[in-house]
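This is what each chain is made of:
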Amino acid sequence: MKIYNDATSPFGRKTVVAAIERGIGAEEVFLDLAKAEFLDRWNPLRQIPTLVTAEGAAIYDSDVIVQFLDRAHKREPLIPVADAPAILTRMSLANGLMEATLTRLVETRRPDPSAAVVTKLEARIARALAAIERDLDRLAKGGAALRADQITTAVALGYVDFRFAETWRETHKALGAWYGEMAARRSLVLTVPTRKDPVPAAEIARG
Ligand SMILES: N[C@@H](CCC(=O)N[C@@H](CS)C(=O)NCC(=O)O)C(=O)O
């Protein structure tokens, strides 16, 4: 299977981290979204990540890819069934944090950015960070195998660092400490948004 992605997409990073965490045989393929017309046959939204199976089926978006990956390994589930609603809700919160950070960046890069829109998005980012820290006990709970909510949240925090600011640690110390441990994991280190190349397939399958 191939995962179409680029270096900076947090949604794509989430799926590649999940594949590495469970040692799933997947190939990450980088594309340039500005020249990705070929992707339309797989994903008419022309968005990444898009997974294409060996049989030629397309799977998207990122949360669906994570659920697909969860059927492709025999280790602990990324989304344990017993707690799925809470895990998926924490994933939605982290996805929203990624979206707000991305939309804010796009707005600030427009020729005439709206201060009101930027303020609204920064307030959303602040509320999301506070809510994640309030729920940190449940988020951090668990064994050595990362769950999908932990992966999504760590990737979202990395994206806030990369595209907005690192100052959130000053007011969210416990969350900062949790993220520090997460960011040191091999799966997160291999997928930093400043990388130049896809993660080699052998590194993903190694787990
Ligand atoms: N809900 C989607 C969001 C994917 C998304 O927004 N991807 C961005 C890259 S971070 C993209 O493809 N942007 C190109 C575009 O929308 O034109 C998911 O979870 O996969």
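Residues numbered from 1 in each chain as written. Predicted model: local features only at pLDDT ≥ 70, side-chain atom pairs only at ≥ 80, totals over all residues. Heavy atoms only, no water.

K.L.:
How do you make sense of the packing of helix 1 (residues 10-22) against helix 3 (residues 84-108) when you look at a structure like this?
P.N.:
When two helices pack together, their arrangement is given by the angle between the helix axes and by the axis-to-axis distance. Following both chains from N to C, one finds helix 1 and helix 3 inclined at 145°, their axes separated by 10 Å at the closest point. Of the residues in helix 3, those touching helix 1 at Pro10, Phe11 and Lys14 are Asn95, Met98, Glu99 and Leu102. Its residues assigned to classes, the contact of helix 1 with helix 3 comprises four nonpolar, one polar and two charged. (Axes fitted to C-alpha atoms, helices over the stretch in contact; angles between N-to-C directions. Helix = DSSP H or I, 4+ residues; strand = E, 2+ residues; numbered from the N terminus. Contact = heavy atoms within 4.5 Å. Nonpolar A, V, L, I, M, F, W, Y, C, P; charged D, E, K, R; others polar.)

K.L.:
Would you mind going over the site of the ligand with me for this structure?
P.N.:
Taken together, the residues surrounding the ligand are Ser9, Pro10, Phe11, Leu33, Gln47, Ile48, Pro49, Asp61 and Ser62. Within the contact set of the ligand, a nitrogen atom lies 2.8 Å away from a backbone nitrogen or oxygen of Ile48. Within the contact set of the ligand, a nitrogen atom lies 3.1 Å away from a side-chain nitrogen or oxygen of Asp61. In isolation the ligand exposes 510 Å². Once the protein is present, 71% of that is buried. Counted by class, the shell around the ligand contains five nonpolar, three polar and one charged residues. (Near = heavy atom within 4 Å. Polar contact = N/O pair within 3.5 Å; in protein donor to acceptor, adjacent residues only side chain to side chain. Areas by Shrake-Rupley, 256 points an atom, 1.4 Å probe, with all protein chains shown as cover.)

K.L.:
Please clarify how empty space enclosed by the protein should be interpreted in this entry.
P.N.:
Empty space left among the atoms is revealed by rolling a probe the size of a water molecule over them. One pass over the structure, following the stated rule, counts two cavities of 30 Å³ or more. Considering only enclosed or pocket space, the largest cavity measures out at about 50 Å³ in volume. If you trace the largest cavity, you find it lined by Arg90, Leu93, Ala94, Ala131, Ile132, Asp135, Leu139 and Thr153. The element contributing the most residues to the lining of the largest cavity is helix 3, with three residues. Grouping the amino acids of the lining of the largest cavity by side-chain chemistry returns five nonpolar, one polar and two charged. Taken as a whole, the second largest cavity encloses approximately 40 Å³ of empty space. When contributions to the lining of the second largest cavity are tallied by element, the ones reaching two or more residues are helix 1 and helix 6 (148-163). Broken down by element, the lining of the second largest cavity gets its largest block of residues, three residues, from helix 6. Here the lining of the second largest cavity is built from residues that sort into five nonpolar, three polar and one charged. (1 Å grid on protein atoms, 1.4 Å probe; cavity = no way out; pocket = protein on both sides within 12 Å on 5 of 7 lines; lining within 4 Å. Points joined across faces, edges and corners; volume = space filled by probe spheres on them.)

K.L.:
Can you help me understand the pattern of salt bridges in this one?
P.N.:
Oppositely charged side chains can pair when the atoms bearing their charge come close. Overall, the coordinates contain 16 salt bridges when judged by the stated rule. Among the salt bridges present, the one from Asp63 reaches Lys14, with a minimum N-O distance of 2.5 Å. In this pair, Asp63 is assigned in helix 2 (residues 62-69) and Lys14 in helix 1, connecting sequence segments 49 residues apart. The salt bridge involving Arg110 is made with Glu107; its shortest N-O contact spans 3.1 Å. By relative accessible area, which is 10% here, Glu107 ends up buried. (Salt bridge = Lys/Arg side-chain N within 4 Å of Asp/Glu carboxyl O. Buried < 20%, exposed > 50% of the residue type's maximum accessible area, 1.4 Å probe, protein only.)

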